[in-house]
Amino acid sequence: MSELAMQIEDVPLFSPLPRERLAELAAAVERRRFRPGETIFRQGDPPEYLYVVEAGSVDIVLPTRGEEITVASFEAGSFFGELAVFDRQWRTANARAAVESSVLCVPLDDVAALLEGHPVAARHFMGVVIQRLRGADELLSRVQIRNV
């Protein structure tokens, strides 16, 4: 098995997959490296990939008037860009490397096929998405918005 498949195997989302499926997935994955502050995708970009942080750290940032809000930070082994797996809508935030980072780019079609064919991976994926939605709700409950 290739070096990349071994790394994919270590990602909790992909770990329950059979070896042959891991090898297929590894063949579709592209590795990209980013310098600190470099943009991975921007709000409004069309989606192509689910991203897995291989090394480093990635911030998800919402641009607002005058400043940005960091809504999440992801370390090695975490994935981001998951909303596009379901709706293929434009990106809703910016993603950028917080430090020197390496990211695995998994094509959305491969992720969708994986979730359809492997219930354990699909349950894990949905659990992470639900946890993130709850976190977003909590974040919003703490933000004070002035009534204009």
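Calculation criteria
Residues numbered from 1 in each chain as written. Predicted model: local features only at pLDDT ≥ 70, side-chain atom pairs only at ≥ 80, totals over all residues. Heavy atoms only, no water. Buried < 20%, exposed > 50% of the residue type's maximum accessible area, 1.4 Å probe, protein only. Helix = DSSP H or I, 4+ residues; strand = E, 2+ residues; numbered from the N terminus. Pairing = 2+ DSSP bridges. Contact = heavy atoms within 4.5 Å. Axes fitted to C-alpha atoms, helices over the stretch in contact; angles between N-to-C directions. Arc of directions from axis to C-beta.

Trainee: How should I be thinking about the pairing of strand β4 (residues 57-63) in this particular structure?
Mentor: Walk down a regular strand and you will see the side chains alternate between the two sheet faces. The buried count for β4 comes to five of seven residues, which makes it a mostly enclosed element. The pairing of β4 with strand β5 (residues 68-75) spans seven bridges and is antiparallel. Pairing of V61 across the sheet is with T70, part of β5. The hairpin turn running from β4 into β5, its antiparallel successor, is four residues long, and G66 in that turn takes a positive phi close to 90°. Both β4 and strand β7 (residues 94-97) contribute to a ladder of four bridges, which runs antiparallel.

Trainee: Just checking my understanding: could you explain the sheet that holds strand β8 (residues 101-107) for this structure?
Mentor: Pairing between the strands of a sheet comes from backbone hydrogen bonds, and it takes one of two forms, parallel or antiparallel. Spatially, the four strands line up as an open sheet ordered β1-β8-β3-β6, and their pairing is antiparallel. The strands lining the two open edges of the sheet, one partner per strand, are β1 (30-34) and β6 (79-80). Contacts from helix α4 (residues 108-117) reach β3 (49-55) and β8 within the one sheet, and its direction differs from that of β8 by about 65°.

Trainee: Could you clarify how one ought to interpret unusual backbone geometry in this entry?
Mentor: A negative phi angle is the norm for most residues apart from glycine, just as the trans form is the norm for most peptide bonds. Phi is positive for R88, which is not a glycine, with a value near 55°. Take R88: it is sitting in the loop between α3 (83-87) and β7. Look at R88 and you get partly exposed, because its relative accessible area is 38%.

Trainee: Before we go on, may I ask you to explain α4 in this structure?
Mentor: Since there are 3.6 residues in each turn of an α-helix, residues three or four apart along the chain are aligned in direction. Every buried residue of α4 is accounted for by L108, V111, A112, L114 and L115. Summarising the axial view, the buried residues of α4 lie within an arc of 160°, below the 170-degree limit, and thus occupy one face. The exposed residues of α4 that point more than 90 degrees off its buried face are D109 and E116.

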